[in-house]
Number of protein chains: 2
Amino acid sequence: MENFKFEVLHECKQTGARVGRLTTPHGVIETPVFMPVGTMASVKGLSPEELTEMGSQIILANTYHLYLRPGSDLIERAGGLHKFMNWDKPILTDSGGFQIFSLSSMRKITEEGVTFNSFLDGSKHFIGPEESMRIQQQLGSDIVMAFDECTAAGTDYEKSVEAMERTLRWLDRCSKFDFKGKQMLFPIVQGNMFADLRLESLKRTIPYAKCGIAIGGLSVGEPKPVMYEMLDVLQPHYPKDMPRYLMGVGSADCIVEGFMRGIDMMDCVLPTRIARNGTAMTYKGDLTIRNAKYKDDFSPVEEGCDCYCCKNYTRAYVRHLINTDEIFGGRLLSIHNIRFLNRLVNDIKKAIWEDRLKDFRDEFFETYEFRREQDRQAFGKNAE
Amino acid sequence: MENFKFEVLHECKQTGARVGRLTTPHGVIETPVFMPVGTMASVKGLSPEELTEMGSQIILANTYHLYLRPGSDLIERAGGLHKFMNWDKPILTDSGGFQIFSLSSMRKITEEGVTFNSFLDGSKHFIGPEESMRIQQQLGSDIVMAFDECTAAGTDYEKSVEAMERTLRWLDRCSKFDFKGKQMLFPIVQGNMFADLRLESLKRTIPYAKCGIAIGGLSVGEPKPVMYEMLDVLQPHYPKDMPRYLMGVGSADCIVEGFMRGIDMMDCVLPTRIARNGTAMTYKGDLTIRNAKYKDDFSPVEEGCDCYCCKNYTRAYVRHLINTDEIFGGRLLSIHNIRFLNRLVNDIKKAIWEDRLKDFRDEFFETYEFRREQDRQAFGKNAE
């Protein structure tokens, strides 16, 4: 397995969080790492050069969406996803499972896989573990995710067991697919919000994990403290010699809390999605740039930020663009938000090296203001 | 008037078209020049650095839009338009007149100026020549346009005379505004599609033209041959020592025909607007990238083009982005289209130096295919 390798460079004595290096066929990823999402083979509005400039090392693309449009056959003929989208650094693809469950109507789950209707035109499709692996092979991503069944928060114990067991059986089938050493399969731990199921799922998943393991089925509607509890349960039991990927999580607070709990990789559409709606992520919490109070604020979006947006534009200008539906506004805030998360991850990395990530976490939350009431409550913080 | 200067470097012996250099406080513009439009202080989706990279030397911004949002007071407090939008090269602002006439309801024209309702919220506003000059002073553009009355194609002779006379009286008032040598007023020739009015308007406008004169009220619904006829009528009578700006015209065919008739500057929203709808401008005519025939076309948008889009992406990828409403698609095609027009202008410039612009024009139309039936007919060309 010479194409893939993971080394832990340092483990934080205060938290067990790690700094590491994951080698892939398209380059080395320094962990902890935040991965922006390019659902449709494009991180919305941004060029690959911009992503590189803001320090992104790997992006995520969505198998379900690309399977439907433009089709994985076409991407294979284009020379794979890297060439198709002009991104020569690592790519991680999800399995399509999560989107089938969240976006498609009329889905039918059998032992074989899932029959579903396209969210675009209602056409009928079938994807099982083998199909998902084959599609991801056509896409040519560096990291391939196992085809799993993800359950929503609130799913009862019995159904959670059922989904976990099916995920394990599907994982066994995924593991038989031959990626010829060019792509690495990450198996996914499930088990909903039940500590015993999480532990069992982890234990039975580890044998399939060669150079990476993922935690799925979190941030699916549960309160954040419940998610952190699940991560606490798992942390002592992860394999040490491979990266742990917490799927679909990427708000600033979750990034701090997640990496503190031994997670190495995270991804989320949040920074680009809220950017297009006019929200800037900062060390002081989210700013709603649309607000009238920024109308003639000629300071940068975030003081001290080194991103292209903050170096060249003011809150007043970005607000003007967002309020007039000028797409350059979403582009500028997307650049800022992704750079903000990368800066935050760099600061976390530094704190790990200095064995003080727990202290960093406490300092972070002293100045970070939560925008959503439920988040404030979860952290016992007062409203802005 | 040391801030502004125009030199003719060469005049094409075949056509009278010119290569020149227009000096402004924000730099030298090499003419002929195509100017992209940044209505809202942003050339839709593109960064200033991208515009520079694709060879754009000057952009246009819209006074009417910026007066309403974010307000010219605010832009003045931001340090002017250049600083507000991070563009340090020349800017031309229109007078707001054209947009008042085309976008606002309930407008009332008096000798003083125009009372109109905002297209945003219906609020009542008044702009006359003095107000337009003051707003453009607040914006801080290099080139300021006179406040004029533009008539649509089909306007009768009497009404065309009326609008022309009012435009001349308003011009006299505009000319009294003191820009302190920092901004250059371009007066505008009107006269609808009547050759005698065009000539009279030009003759009476020239005394107000210090370092630039504009031809307005064309491309307002008339067939293209009628526009070219008006330009032919005017060409022998322009002042030689200043640039001539044909307003709001920028399709590839019009650029060739316009510059051939002694025009030095043109602007249009066309390249960016059609880009967002998935149309690529090329030497062979417009391509509708959405078309199924480009589905697995792995060649660049235009073979031989040196733009960022053509150097790094395929028609198949751009089509995928456009068809999935990914905004990066519009950005890539905007880059291509503006670069295409700049390449076309460079080729025109070369033909002027070589005294063969008429030959170049004939060669251009041998391979250029018109997309719109009326354009084909105007050029006596068959359908694609």
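Please refer to the structure placed before this passage.
Residues numbered from 1 in each chain as written. Chains lettered and ligands numbered in written order. Predicted model: local features only at pLDDT ≥ 70, side-chain atom pairs only at ≥ 80, totals over all residues.

For the pairing of strand 2 (residues 18–24) of chain A, give the residues involved together with the corresponding values.
Residue and element names in this part refer to chain A. Counting buried positions along strand 2 gives five out of seven residues, so the element sits mostly inside the fold. With six bridges connecting them, strand 1 (residues 5–11) and strand 2 associate as antiparallel partners. Bridge pairing in strand 2 links F6 to L22. Note: strand 2 against strand 3 (residues 27–31), five bridges, orientation antiparallel. Directly across from R21, in strand 3, lies its bridge partner E30. In textbook terms, the turn of a hairpin is the stretch between consecutive antiparallel strands, and for strand 2 and strand 3 this stretch comprises two residues. (Buried ≥ 20, exposed ≤ 12 C-beta atoms within 10 Å, placed from the backbone. Helix = DSSP H or I, 4+ residues; strand = E, 2+ residues; numbered from the N terminus. Pairing = 2+ DSSP bridges.)

Describe the nonpolar core, with residues and values.
Core analysis: the biggest nonpolar cluster contains 244 residues, and F186, I255 and V318 of chain A together with F186, I255 and V318 of chain B have the highest contact counts within it. Ignoring anything within four residues of it in the chain, the contact list for V318 of chain B reads I289, V301, C309, Y313, G329, L332 and L333 of chain B. (Core = buried A, V, L, I, M, F, W, Y, C linked by C-beta atoms within 7 Å. Contact = placed C-beta atoms within 7 Å.)

Before we move on, could you go through the interface of chain B and chain A and cite the residues and values that matter?
Across the boundary between the two partners, chain B contributes 28 residues, which contact 28 residues of chain A. Of all the secondary structure elements, the ones that give two or more residues to the side of chain B that touches chain A are helix 3 (72–77), helix 4 (81–85), helix 13 (315–323) and helix 14 (327–353) of chain B. Considering each element in turn, the side of chain B that touches chain A owes the most residues, five residues, to helix 13 of chain B. Across the side of chain B that touches chain A, the residue classes tally to 14 nonpolar, eight polar and six charged. (Nonpolar A, V, L, I, M, F, W, Y, C, P; charged D, E, K, R; others polar.)

Account for helix 8 (residues 195–205) of chain A, with residues named and values stated.
All names here are of chain A. Taken together, the buried positions of helix 8 are occupied by L197, R198, S201, L202 and T205. Here the buried residues of helix 8 occupy an arc of 135° about the axis, which is enough to place them on one side. Along helix 8, the residues that are exposed and aim more than 90 degrees away from the buried face are D196 and K203. On its buried side, helix 8 packs onto helix 7 (157–175), strand 12 (188–189), strand 13 (213–215) and helix 9 (224–234). (Arc of directions from axis to C-beta.)

Which residues make up the sheet that holds strand 7 (residues 105–109) of chain A, and what are the values?
Residue and element names in this part refer to chain A. Here we have three strands laid out as an open sheet, ordered 7-8-9, and antiparallel in their pairing. Single-partner strands in this sheet number two, and they are strand 7 and strand 9 (124–127). For this sheet, the mean inter-axis angle between neighbouring strands, taken without regard to orientation, is 20°. With four bridges joining them, strand 8 (residues 114–117) and strand 9 adopt antiparallel strand pairing. For V114, the partnering residue across the bridge sits in strand 9 and is I127. (Axes fitted to C-alpha atoms, helices over the stretch in contact; angles between N-to-C directions.)

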